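Chain by chain, the residues run as shown.
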Amino acid sequence: MAAPLTLLLLVAVTVRAALYRSSLADLISERVEVVSPLTAWKRVVEGLALLDLGVSPYSGDVFHETPLIIYLFHFLVDYAEITFMLADVITAVALYLSVKDYNKQVFRKQKYALEADRYPLDCLELIRSPKEMQYIPLKVAMFYLLNPFTILSCVAKSTCGLNNAVIALFVLSTIKGNSRTHSSPAEGNSIYPLTLCAAALLYLLQRQYIPVNLRRFSFWWFVAQYAFMYLGSLFVIVGLSFFLLGSWDFLPSVYGFILSVPDLTPNIGLFWYFFAEMFEHFRLFFLCVFQINVFFYTVPLSIKLKEHPVFLIFMQLAVISIFKSYPTVGDIALYMAFLPVWSHLHRFLRNIFLVSCVLLACSALFPVLWHLWIYAGSANSNFYYAITLLFNVAQILLVSDYFYAFLRREHHLSHGLYLKRKDGSEATLVLK
Amino acid sequence: MRWEETVVEEATADKEDTSAPETVVQSSVPQPKDDFQEELVIRPLHSGDIYASFQFRTLWETDFMRGNKVSHYRLFPKSLGQVISKFSVRELHISFTQGYWRTMQWGQPFLPSPPGAELWVWFQDSVTDVDGTWKELTNVLSGIFCASLNFIDSTNTVQPSASFKPLGIGNVTDHRFLRYATLPREIVCTENLTPWKKLLPCGSKAGLAVLLKSEKLFHSSFHSQAVHIRPVCQDWQCKTTSWELRQTLNVVFDLHTPGQGKLEWSLFKMFSRTLTEACPLASSSKIYIDITDDPQGEQFEVSPATHLLSQAMVLGDRRTFSVYDLTQQITFGTVRSLNLLIRWKSSEGYIHYQPSKDRVRPHLLEMLVQLPPNSVTEVTVQFERALLKWTEYTPDPNHGFYVGSSVISSLVPSIVAMDTNSTREQPLFSSFFPCKEESSYFMRVYTEPLLVNLPTPDFSMPYNVICLTCTVVAVGYGSLYNLLTRSFQIEEPSPGLAKRIANIIRKMRGVPPL
């Protein structure tokens, strides 16, 4: 498996290097779909220049990265392209290794269930075989590296690539079993990966064979340990940022910026036009509603998917990418990289053709309608907004479709594949 | 500090009238007195380029026109002496130039010359066939200087009647004896430099001529080498005359490093050589550095420092020079080589930048810059357009937003002494800005404001946008809610309407349904 992976890495690095040398690199780094005020490379350069000039980079409204990023690039600014390519490579390798490990566990659990005779007889075709699972890690790495969204994000030198790398390392360390200290860098850059800690907690509980029972002491003890370690490493990261910078300026500029959404630059998310057209009276209310919306699905999803924490991680990543305040295509690329892991659900997916067509069409229409609005002046902001809405609806449908297929497969695995009605005819399953 | 006040008739340096006969020969023929001087003038130019002008002058008190041929040549080159006597030349001026002198950027050269080759000659009035002599002269000169001067013929020769009067003594001004030709196509290369250097008494082995290496000299913006021969007066009453041979070489080096500004020049950087000794045959060997533009040493510094200073009137302007005397051993110091270094001092600019905060304060950029004269300075700022909340737009949003004018405040040197006494009775229009010093006045310039077109949201849509976005969020919420709270069940077909009503009645009666 190492040789195809190496070949894939070489191809990915070559494509990115070729694009860096072409004239498209400048064009891409200006696109609002690829960079946001949080992740733009131009702002990192501006922050570094302000630091050299002796002005705090957070005194203006330009720079919204954590001090760790600014000090990282203080040394690496000449090697920026290599850094971003390396971040993509690290993400791909981390995802590859974690999916490989996950597949082993899935197969092992399946084997135990088969031996314990827990599956009904007619759903044997739903059982997964090692042969079909063999190429999945490579496909995951390929889906991430060769995704046009990832390539665009890397060529634009958006720091989303670095965020993705940290999240992928977090997923890898969770699956390997010791994610307590790796979570906070992910959370250090933006607050949304906080929701992933619930999924990681569930995975570790499962791995240590501690049942999720609210009345048992071992469960609470583990939760307390995990929370302590997580919060401790979070404070370490924040404290380190404070000592690097020398003041607490970065807290309102980074976290306050993410939560209060003052910058209304168009992007592919839902926040910008909504808050551009919001009545002042209701602004705070809807801001709270939208931000709670991101964190809100954590508890219900955790309860429903407590036996399947990796799918929970996928769902959380998707929810964050869709509903966060400044999404970019780089965030989408991360959760899309997980899709090959659930390729066995394809027979239960209902809308996949429609969703993929809509996603492709919207990706093509984004630059067209932007040009018509800003440069040609013959369209207005509603056109771009409409495509944003459609893009997000398509993503929501994609995610809920996969969720539906996953739940349905679980249902079939426990109740049998070919179900009959009371009168013996073929049954249809509905959600009731 | 020793100041020398000198007055010069025509171009540059001080002329020393000392002749230095090296040997005293006991012979009946009085030894003609000859003298050799060499000098180098370095002038830093405003644009960061540097202008170096070499002059080698040989004075020889002899008479080529007399019957007895001159046989003993010492400092004066034999080839040129024979040319003068054979062709009865009174004055000869030849120059080879590559490049065009940019007067706007570089000022005036000490010895101007046109691109290509230029040759103008005054013949003695004893010459009968001037054209034939001219033809032979050009052929001989093309052999001496390895240049294609043999292309000079009647098609490119003229006899100017008003200009090109003799530069030396002589009152014959009959322009029949003057011939002027120019070959603009002639290129200058190493083959022209080598015979030119051979005419020098020390050759290129000692003195200032060691700096004349062709690989650096021809890698310049402007290169011109010339030979000027003319009779001059030896003393004030002009009782004795001597022949003067001047060999001049002007070169302008430029610095092709964008973004670095002016750096430093040194002899080694310009010529890839340093000086180790003066020419032993020279009576005077000096280097002059033009420091008129920077007398206090604020803009550039010259090292090694010298305390010799000299002033001279050049082209109608009094200029000050730092002098390095190569005949004195102390100039070379302990390392026994001289590498002059001219370094520009970078002036510390001051920048004050306060970035803006959205809806709190604007950008402020203040820069204290020193603008060089006759130059253009550009300041560029990158910007991004932002989308504002719909209430933050003015009622006419498509007009655009105004960005205020930039302000330039400056103290401008004034030609008239300003009055610093502000309490004196003055008209109102001249007494607004306080005057702190006499030599400059305060001025403030405002630029045009900028009108920027920002993208606007659709102002008619707030309610629609809220509804549509909340619909999308509700789609997400609804799908996930369904999947989270419901479970899969087998669907039983529902009975028809009649049956359902019957079932309801049966249920009320307590009877099992159909």
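Cut-offs and rules
Here the residue numbering is sequential within each chain, running from 1 through the sequence in written order. Each chain is given a letter, starting from A, and each ligand a number, starting from 1, according to the order in which they appear as written. Residue-level local features of this predicted model are given only where pLDDT is at least 70; pairs of side-chain atoms are given and counted only at 80 or more, and the full residue set underlies all totals for whole chains, interfaces and linings. Hydrogens and water are ignored here; the side-chain numbers use all heavy atoms of the structure. Secondary structure elements are taken from DSSP: a helix is a run of H or I of four residues or more, a strand is a run of E of two residues or more, and numbering for both begins at the N terminus. Note on contacts: a residue pair qualifies if any of its non-hydrogen atoms lie within 4.5 Å across the two residues. A 1.4 Å probe and the Shrake-Rupley method give the accessible areas. Residues count as covered only by the protein chains that appear here. Each nonpolar core is a collection of buried residues, namely Ala, Val, Leu, Ile, Met, Phe, Trp, Tyr and Cys, held together in the definition by side-chain atoms within 4.5 Å. For every residue, the accessible area obtained with a 1.4 Å probe (protein chains only) is divided by the maximum for its type, and the residue is called buried under 20%, exposed over 50%, and partly exposed between those limits. Two parts placed together each lose some accessible area under a 1.4 Å probe, and adding up what both lose gives the buried area. Salt-bridge detection follows one rule: a side-chain nitrogen of Lys or Arg within 4 Å of a carboxyl oxygen of Asp or Glu. Throughout this description, a polar contact denotes any pair of N or O atoms lying within 3.5 Å of each other; where both atoms belong to protein, one of them has to be capable of donating a hydrogen while the other can accept it, and for residues adjacent in sequence the pair is counted only when both atoms sit in side chains. Residue polarity is assigned by list, with Asp, Glu, Lys and Arg as charged and Ala, Val, Leu, Ile, Met, Phe, Trp, Tyr, Cys and Pro as nonpolar; anything else, Gly included, falls into the polar class. For two strands to count as paired, DSSP must find a minimum of two bridges between them. Each patch is built from salt-bridge-free residues with over 30% relative accessible area, joining like charges within 9 Å and nonpolar side chains (Val, Leu, Ile, Met, Phe, Trp, Tyr) within 5 Å. A residue's pLDDT is the confidence the predictor assigns to it, expressed on a 0 to 100 scale.

**Notes on the overall build of chain A**
Working step 1: In terms of regular secondary structure, chain A is built from 20 helices and one strand.
Working step 2: When contacts within chain A are restricted to residue pairs at least 6 apart in sequence, long-range pairs at least 24 apart make up 76% of them.
Working step 3: Approximately 18,600 Å² of chain A is accessible, and the part contributed by carbon and sulfur atoms is 68%.

**So, the nonpolar core**
Working step 1: Core analysis: the largest hydrophobic core is formed by 165 residues, its most contacted members being Phe-323, Tyr-335, Trp-342 and Phe-403 of chain A.
Working step 2: Counting residues per element, this core draws most heavily on helix 20 (residues 381-415) of chain A, at 16 residues.
Working step 3: Setting aside anything within four residues of it in sequence, one finds Tyr-335 of chain A in contact with Phe-314, Leu-317, Ala-318, Ser-321, Gln-395, Leu-398 and Val-399 of chain A.
Working step 4: Counting 83 residues, the second largest nonpolar core, distinct from the first, contains Leu-40, Trp-196, Val-210 and Phe-300 of chain B.

**Structural notes on the interface of chain B and chain A**
Working step 1: At the junction of the two partners, chain B supplies 45 residues and chain A supplies 61 residues.
Working step 2: When residues of chain B are sorted by the area they lose upon contact with chain A, Leu-483, Leu-484 and Phe-488 of chain B head the list and together hold 16% of the total.
Working step 3: For Lys-389 of chain B, the salt bridge identified is with Glu-280 of chain A, shortest N-O distance 3.7 Å.
Working step 4: Here chain B and chain A share 13 residue pairs in polar contact (both at pLDDT 80 or more) between them.
Working step 5: Secondary-structure elements contributing two or more residues to the side of chain B that touches chain A are strand 15 (350-354), helix 7 (462-485) and strand 21 (488-490) of chain B.
Working step 6: When residues in the side of chain B that touches chain A are grouped by element, the largest group, 16 residues, is from helix 7 of chain B.
Working step 7: Among the residues making up the side of chain B that touches chain A, the classes are represented as 25 nonpolar, ten polar and ten charged.
Working step 8: The sheet contact formed by strand 1 (residues 429-431) of chain A and strand 21 of chain B spans three bridges and is antiparallel.

**Focus: the pairing of strand 1 (residues 34-44) of chain B**
Residues and elements named next belong to chain B.
Working step 1: Here strand 1 lies mainly inside the structure; eleven of its eleven residues are buried.
Working step 2: Residue alternation in strand 1 divides its side chains into two sets, Asp-34, Phe-36, Glu-38, Leu-40, Ile-42 and Pro-44 and Asp-35, Gln-37, Glu-39, Val-41 and Arg-43, and both sets are buried.
Working step 3: Inspection of the sheet shows strand 1 paired to strand 2 (residues 50-60) by eleven bridges, in the antiparallel sense. Bridge pairing in strand 2 links Gln-37 to Arg-57.

**Here we look at the side chain of Thr-265 of chain A**
All names here are of chain A.
Working step 1: Along the chain, Thr-265 falls in the loop between helix 13 (250-260) and helix 14 (271-276).
Working step 2: Side chain to side chain, Thr-265 and Asp-263 meet in a polar contact 2.4 Å long.
Working step 3: If sequence neighbours within four positions are ignored, Thr-265 has contacts with Val-32, Pro-37 and Trp-272.

**Points about the pattern of salt bridges**
A side chain of one charge can pair with a side chain of the opposite charge if their charged atoms are brought near each other.
Working step 1: Applying the stated criterion to the full structure yields 22 salt bridges over all chains.
Working step 2: Salt-bridge contacts for Lys-324 of chain A lead to Asp-331 of chain A; the nearest nitrogen and oxygen are separated by 3.3 Å. Here Lys-324 of chain A and Asp-331 of chain A have matching classes, each one buried.
Working step 3: The shortest N-O distance in the salt bridge between Arg-57 of chain B and Glu-244 of chain B comes to 3.4 Å. Placement of the pair is Arg-57 of chain B in strand 2 and Glu-244 of chain B in strand 8 (residues 241-253), with a sequence separation of 187 residues.
Working step 4: Owing to a relative accessible area of 6%, Arg-57 of chain B belongs among the buried residues under this scheme.

**Observations regarding a nonpolar patch on the surface**
Working step 1: A cluster of nonpolar residues, Leu-53 of chain A together with Ile-351, Leu-365, Met-367, Val-369, Leu-371, Val-379 and Val-381 of chain B, forms a patch on the protein surface that exposes about 740 Å² of accessible area.
Working step 2: Mapped onto the fold, Leu-365 of chain B is located in strand 16 (residues 364-368).

**Re the confidence of the model for chain A**
Working step 1: Per-residue pLDDT for chain A has a mean of 89; in total, 97% of the residues score no lower than 70.
Working step 2: Confidence scores differ between elements of chain A, with helix 10 (residues 183-189) of chain A showing the lowest mean pLDDT of 66 and helix 8 (residues 148-155) of chain A the highest of 95.

**Structural notes on the environment of Asn-339 of chain B**
Residue and element names in this part refer to chain B.
Working step 1: Relative to the assigned elements, Asn-339 resides in the loop between strand 13 (317-325) and strand 14 (341-344).
Working step 2: Counting along the chain gives 35 residues from Asn-339 to Pro-304, while the straight-line C-alpha distance between them is 8.0 Å.
Working step 3: Excluding residues within four positions of it along the chain, Asn-339 makes contact with Ser-266, Leu-267, Phe-268, Thr-274, Ser-303 and Pro-304.
Working step 4: Within the structure, the side chain of Asn-339 is placed 3.1 Å from the backbone nitrogen of Leu-267, a separation counted as a polar contact.

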